[in-house]
Amino acid sequence: MWFILLWVGLASGIGLRARTHNIQLSFPHNPRARLAVGECHGIAYPMNVHDPKECRYISGFILDPNKRTWECEFIADIIDLLRLRPHGENTTFLDIGSNIGSWALPIAAAGFPVVGFEIMEYNNELMAATLGTFGALYPNVTIHPVAVSDVSGESFCIRPAIH
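All values derive from a computational prediction rather than experimental measurement. (Residues numbered from 1 in each chain as written. Predicted model: local features only at pLDDT ≥ 70, side-chain atom pairs only at ≥ 80, totals over all residues. Heavy atoms only, no water.)

J.: Before we go on, may I ask you to explain the side chain of Ser98 in this structure?
T.: For Ser98, the position within the fold is in the loop between β7 (92-96) and α3 (104-109). In this structure Ser98 comes out as buried when scored by relative accessible area, which is 2%. Aside from chain neighbours lying at most four places away, what touches Ser98 is Gly116, Phe117, Glu118 and Ile143. (Helix = DSSP H or I, 4+ residues; strand = E, 2+ residues; numbered from the N terminus. Buried < 20%, exposed > 50% of the residue type's maximum accessible area, 1.4 Å probe, protein only. Contact = heavy atoms within 4.5 Å.)

J.: So what exactly am I meant to see when it comes to the side chain of Asp51 here?
T.: Relative to the helices and strands, Asp51 is located in the loop between β5 (43-49) and α1 (58-63). Within the structure, the side chain of Asp51 is placed 3.2 Å from the side chain of Arg32, a separation counted as a polar contact. Sequence-distant contacts of Asp51, that is, excluding residues within four places in its chain, are made with Arg32, Ala33 and Arg34. (Polar contact = N/O pair within 3.5 Å; in protein donor to acceptor, adjacent residues only side chain to side chain.)

J.: Help me out: how do you make sense of the packing of aromatic side chains in this one?
T.: What describes a pair of aromatic rings is the distance from one ring centre to the other and the angle between the planes of the rings. All chains considered together, the criterion is met by 1 aromatic pair. Arranged with centres 5.2 Å apart and planes meeting at 70°, the rings of Phe61 and Trp70 form a pair that is edge-to-face. A relative accessible area of 1% places Trp70 in the buried class. (Phe/Tyr/Trp six-rings, centres within 6.5 Å; stacked < 30°, edge-to-face > 60°.)

J.: Is there a simple way to explain the nonpolar core in this structure?
T.: Across soluble globular proteins, nonpolar side chains show a tendency to be buried alongside one another. By size, the foremost hydrophobic cluster in this structure holds 38 residues, and its most contacted members are Ile107 and Tyr138. Counting residues per element, the ones that place at least two in this core are β4 (34-40), β5, α1, α2 (72-83), α3, α4 (121-133) and β9 (141-144). Counting residues per element, this core draws most heavily on α2, at 5 residues. In contact with Ile107, not counting residues within four places along its chain, are Ile75, Ile78, Ile79, Leu82, Phe93, Phe112 and Val114. (Core = buried A, V, L, I, M, F, W, Y, C linked by side-chain atoms within 4.5 Å.)

Geometric values such as these leave the question of function open.
Put into structure tokens, the structure is as follows:
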């Protein structure tokens, strides 16, 4: 069985408190990226996030110790649904539009295989660093740096300039 998340916009569902670490990283597309440890449904998961001045929603929520992990209540529901599957049944979560892994990583940390798709280099750079640094925690995650569509072809993705 496949569970699919389609990224359709910003949702306001949030959950448990996130712990953050102010470790500065250096990446070509994300010069002010940093490490965070989110928590959801009793599961802690390390991940690299954008500067909250550049990504005030997902990264901002995860980094802000006064706010909570991004969309935890929805992630918790998915984890509970995945746990209902009979033992041994092959279940993989598809994360279409993985962003920086705010859904993929807690679901993987809960023990479920995740296949993600993210076209933006800006996000892929952080996701690759998270998987490279914490690969032992996420052996069940595969991210494809492509878009998903019902037609073949080429396209491009634009990230708005942040001022």
